[in-house]
Amino acid sequence: MDAAVKGYERVIMGIDPGTNVMGYGVLGIKGRKPEVIVMGVIQLNKFESHYMRLHRIFERVTGIVEQYLPDELAIEAPFFGKNVQSMLKLGRAQGVAMAAALSRDIPIAEYAPLSIKQAVTGSGSASKERVAEMLKRMLHIPEEKMPHLLDATDALAAALTHFYETQKPQIAKGPKSWADFIAKNPDRVKK
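A quick note: this is a predicted structure, and the numbers were derived from the prediction, not measured.

1. Let's talk about the sheet that holds strand 5 (residues 108–111)
Think of a sheet as strands paired side by side through backbone hydrogen bonds, with each pair either parallel or antiparallel.
Stage number 1. On the basis of which strands lie adjacent, the open sheet formed by 5 strands has the order 3-2-1-4-5 and mixed pairing. Every interior strand has two partners, whereas the edge strands, strand 3 (33–43) and strand 5, have only one. In this sheet, neighbouring strand axes are inclined to one another by 20 degrees on average, regardless of whether the strands run parallel or antiparallel.
Stage number 2. Of the pairings in the sheet, the one linking strand 1 (residues 10–16) to strand 4 (residues 72–76) comprises 4 bridges and is parallel in character. Following the sheet pairing, isoleucine 15 is matched in strand 4 by isoleucine 75.
Stage number 3. Helix 2 (residues 84–102) rests against strand 1, strand 2 (21–30), strand 4 and strand 5 of the sheet, and its axis sits at about 175 degrees to strand 4.

Next comes the structure, spelled out in structure tokens:
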């Protein structure tokens with residue numbers, strides 16, 4: 001276990017899937033406070049074969065999981081573009097990253113890009129630069145630690161979105177109907 005993850009109640013890993021560059025970010029949670037453990041990118045464009053890129057994604061995600069031992073994985077869902085081939089490749093990259101986490105029994109949450117931007121900036125149409133700037137301020141990331149490639153901050157934003165979503169109070173669900181209520185509460189029915 002990496003010394004950086006000791007002392008956290010939860011560790012959340014975020015992934016921004018890509019076939020040329022895949023971003024990752026890991027947050028440690030102490031109480032209600034998220035802190036950046038690490039963020040970076042997996043460079044894939046040096047591999048000509050798409051299959052070798054998928055293999056590298058599996059290797060690197062597995063390695064990051066083994067190093068930082070995340071409790072959960074938050075991954076950005078692919079958005080629907082016009083190029084079907086690009087969408088298929090991106091879906092494969094996302095699937096391989098998910099399989100690496102699942103191979104270590106890590107639960108996965110998937111978030112749409114619009115939801116991630118909304119959670120971090122308040123606007124679903126925010127730019128990648130705006131997301132990075134908000135993360136820098138909210139998580140107190142020094143300028144020199146900010147990555148050059150925004151795929152890393154996008155991944156960190158997915159992890160932060162998951163943190164926010166799991167902090168929301170859960171609304172108790174009531175009975176679906178009176179018959180359901182009676183079936184679940186026979187002692188409360190007077191005859």
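Having seen it, we continue.
2. What about the nonpolar core?
Stage number 1. Counting 26 residues, the largest nonpolar core has Met13, Ile15, Met22, Val26, Ile57 and Val61 as its most contacted members.
Stage number 2. Mapped onto this core, the elements with two or more residues apiece are strand 1, strand 2, strand 3, helix 1 (50–68), strand 4 and helix 2.
Stage number 3. When sequence neighbours within four positions are dropped, the list of residues in contact with methionine 22 reads Ile15, Asp16, Pro17, Gly40, Val41, Ile42, Leu44, Ile57, Val61, Ala93 and Ala97.

About the cut-offs
Residues numbered from 1 in each chain as written. Predicted model: local features only at pLDDT ≥ 70, side-chain atom pairs only at ≥ 80, totals over all residues. Heavy atoms only, no water. Pairing = 2+ DSSP bridges. Helix = DSSP H or I, 4+ residues; strand = E, 2+ residues; numbered from the N terminus. Axes fitted to C-alpha atoms, helices over the stretch in contact; angles between N-to-C directions. Contact = heavy atoms within 4.5 Å. Core = buried A, V, L, I, M, F, W, Y, C linked by side-chain atoms within 4.5 Å. Buried < 20%, exposed > 50% of the residue type's maximum accessible area, 1.4 Å probe, protein only.

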